[in-house]
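This is what each chain is made of:
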Amino acid sequence: MADFKQLAEAKVLEKLNSEKNGRGYRKMLGAYFKNHRLKMFTILFLAMITSALAVSAPLVMREIMSNLQGQSTSKFIIWNFGWKEWIYVQLGMYVVLGTSVYFLNLNVGMLGKNIEQYLRNEALKGLIMQDISYYSDKKIGEILTKIGADTWIVGEQTQNIPTLILMAFFNFVGSSVVLMTIDWKLGLIAVGLVGIGVGAILIFFGRIKRWIIKLRTTITYVNGDVTDRIATIRLIKASGTEVYEKQRFRDLHVEFMQVVKSFFTRLSAVLTCGFLAVMSLQLIILSSAYGLYHNNDAQLYVIATSFLSGLGTLTSPIYQVLRILFGYMMSDECTKRVFQIIDAPSRVDGNYFNDSAKEIKKLDKGIIFKDVVFNYPEDPSKNVLPKFNFTFEKGKSYAFVGETGSGKSTISKLLLRFYDPTEGEVLINEEDNLKDIKLKSYLDLVGYVEQEPQIIFGNVKDNIRYTTPWKTDEEVIEAAKKVNLHELIMSWPLGYDTILGERGFMLSGGQKQRLVIARMFLKNPQLLILDEATSALDNIVEKEVQAELEKLMEGRTSVVIAHRLSTIKNCDQINVLAPGQGVVQTGSFEELKDKPGHFKRLYDAGKMREKEVVA
Ligand SMILES: Nc1ncnc2c1ncn2[C@@H]1O[C@H](COP(=O)(O)OP(=O)(O)OP(=O)(O)O)[C@@H](O)[C@H]1O
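In this text the structure is predicted, and so the values were computed from the model without any measurement.

1. Some details on the environment of V446
Looking at the element boundaries, V446 is found in strand β8 (residues 446–450). Accessibility expressed as a relative area gives 4% for V446, which makes it buried. Here the alpha-carbon distance between V446 and N524, two residues 78 residues apart in the chain, equals 8.5 Å. Filtering out sequence-adjacent residues up to four positions away, V446 remains in contact with L416, K523, P525, L527 and I529.

2. Examining the domain arrangement of the protein
Size of an interface, as often reported, equals the accessible area lost when the parts are brought together. As assigned here, the protein comprises domain 1 (4–342) and domain 2 (367–445 + 564–615). Across the boundary between the two partners, domain 1 contributes 4 residues, which contact 4 residues of domain 2. When the buried area of domain 1 at its contact with domain 2 is split by residue, I132, S133 and S136 rank highest and sum to 91% of it. Inspection of the domain 1/domain 2 interface yields 0 salt bridges.

3. Here we look at the side chain of K408
Looking at the secondary structure, you find K408 in helix α10 (residues 408–415). Despite its burial, K408 pairs with no opposite charge; the closest candidate is E532, at 4.8 Å N-O. Within the structure, K408 has its side chain in polar contact with the backbone oxygen of G402 (distance 2.9 Å). In this view, K408 contacts F400, V401, G402, E403, E532, I561, A562, H563 and L577; residues no more than four positions away in its chain are not counted.

4. Quick word on the sheet that holds strand β12 (residues 557–561)
In spatial order, the strands read β8-β11-β12-β5-β13-β14; together these 6 strands make up an open sheet with mixed pairing. Since the sheet does not close on itself, it has two edges, and those belong to β8 and β14 (582–587), each with one partner. The average angle at which neighbouring strand axes cross in this sheet is 20 degrees, direction not considered. Pairing analysis gives 5 bridges linking strand β13 (residues 573–578) to β14, with the strands arranged antiparallel. Among the inter-strand pairings, I574 is bridged to a residue of β14, identified as G587.

Criteria and cut-off values
Residues numbered from 1 in each chain as written. Predicted model: local features only at pLDDT ≥ 70, side-chain atom pairs only at ≥ 80, totals over all residues. Heavy atoms only, no water. Helix = DSSP H or I, 4+ residues; strand = E, 2+ residues; numbered from the N terminus. Buried < 20%, exposed > 50% of the residue type's maximum accessible area, 1.4 Å probe, protein only. Contact = heavy atoms within 4.5 Å. Domains from an automatic or database assignment. Buried area = accessible area lost by both parts, 1.4 Å probe. Salt bridge = Lys/Arg side-chain N within 4 Å of Asp/Glu carboxyl O. Lys, Arg positive; Asp, Glu negative; His and termini not counted. Polar contact = N/O pair within 3.5 Å; in protein donor to acceptor, adjacent residues only side chain to side chain. Pairing = 2+ DSSP bridges. Axes fitted to C-alpha atoms, helices over the stretch in contact; angles between N-to-C directions.

Okay, structure coming up:
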């Protein structure tokens, strides 16, 4: 656990050093209001009314008290008001105040939620547009914390911050004027003391920022860890490590609670100081009032009551500034964290918004890897594919085999444009650089089946037509029949409307893979990429699924990546890769199996296992 503390500390330092780069809360809110001026003015207007009415309450109170004391009958514009009339004025003010408070709450409530939703949408857009390498070094739980909790905090605080700022300002200015009008000497003392209090808070809060960063970093780390463990629940269940994990979670939260405690110790200290300052202020004002007017009881009574009522509004900025600063710092930190996602540059631009990029309608020629060199951007010093020239002719099937780590899957990732080549080009239809075309138009022509079938949360129908949502129910059923899934699906009470579990728990490995193949039948791609599509299946199921795949491959350009040589026997060309060397052997299965070299070694090594299947 010690490394966890170091990590949080290191992150805080890194954050404080790179602070200037992030888009913070103020900038975000400013940009939002620039596009929503009406909303901004409505909130400003309502806050002004609310605060004007709140601060003028002591003035009306003074009139009521003076009239009750029989001191005067005041003129209000043109009428002479007695104490009863002033009470009606007060009641009328409450009605207007209530109405403006209602609409103010409604507007800022909606503002908060709109901002939360805006940030969440932008972050999700950023995540979807990211290239695959973005996910290599990030925990899903950490990303979810930013998308879920951080945007929520910004939304919640936004409901309070703009109103609090306006209220603090209007309350301070308004009640200063009112109190000075009532008695300038006492007013000056009160305003001066509140000013000193607010200044002290501002100085203190500069120091609390570090703790806010630490708090968010720590909870993000904890959430990342928890999500990661839940995702590997099978490993925990299969290892019987439940008790160990329970203790681990507890330890993790002990660390978190230590950070929380340090934070709240500091926050409580400043809140207490604020509270004591407000209390002392009342005492100081009352004593000063007594000192100034103890000879005149009636005046002392009027001034003391109206001042006490006004002091509440004058001192409220102390609490409001505290809440503003806390909320602002929290939101600023959370906004910066969300913008880390939104502003992260993607290494691959799929030309989704580039209207001048070419659309590919058909794959009517081959695909060429021209002088392709590839190193993963995550590990740029390691060369995975040295200079590599290769042509995938239209309609032919190509297999890539080789020992683990030789770069087989890398070829499929380059064909899918998960990555761009470090050097060289991938040419579609033998002439268009994959980097320059609209990626979606190309991917619409590509089918991809990988080892881990991707089942989305939803019903069977929607899963099968995930890439082709316009296909009819009949076509979906036809595709399911082709992969021998129809009867199984119909045996379920809800048939094709059955919801598949979040990660497809209801299906066996072979059934999931069949469902993905049905998806491909429906998509009818012109280029098919099978990356270890059957390697997670046992021999018998593999044989069945392999038969479905061979049906699917018929007449299409196919790229098959496989460990089990039985699955590539019928491919037109087999290419053997060696780590860091690229293709070291090429030929048909029959040509290569007896020829001394890499393939024969692989073949001989797997012979015992392959024998029953290949024969
Ligand atoms: N995201 C990545 N970042 C850095 N290096 C990677 C990444 N993915 C793969 N590699 C490295 O690239 C090399 C080739 O990986 P690749 O997955 O293409 O091998 P493979 O032949 O498909 O292996 P296997 O048969 O085990 O699936 C390996 O050394 C691997 O460690």
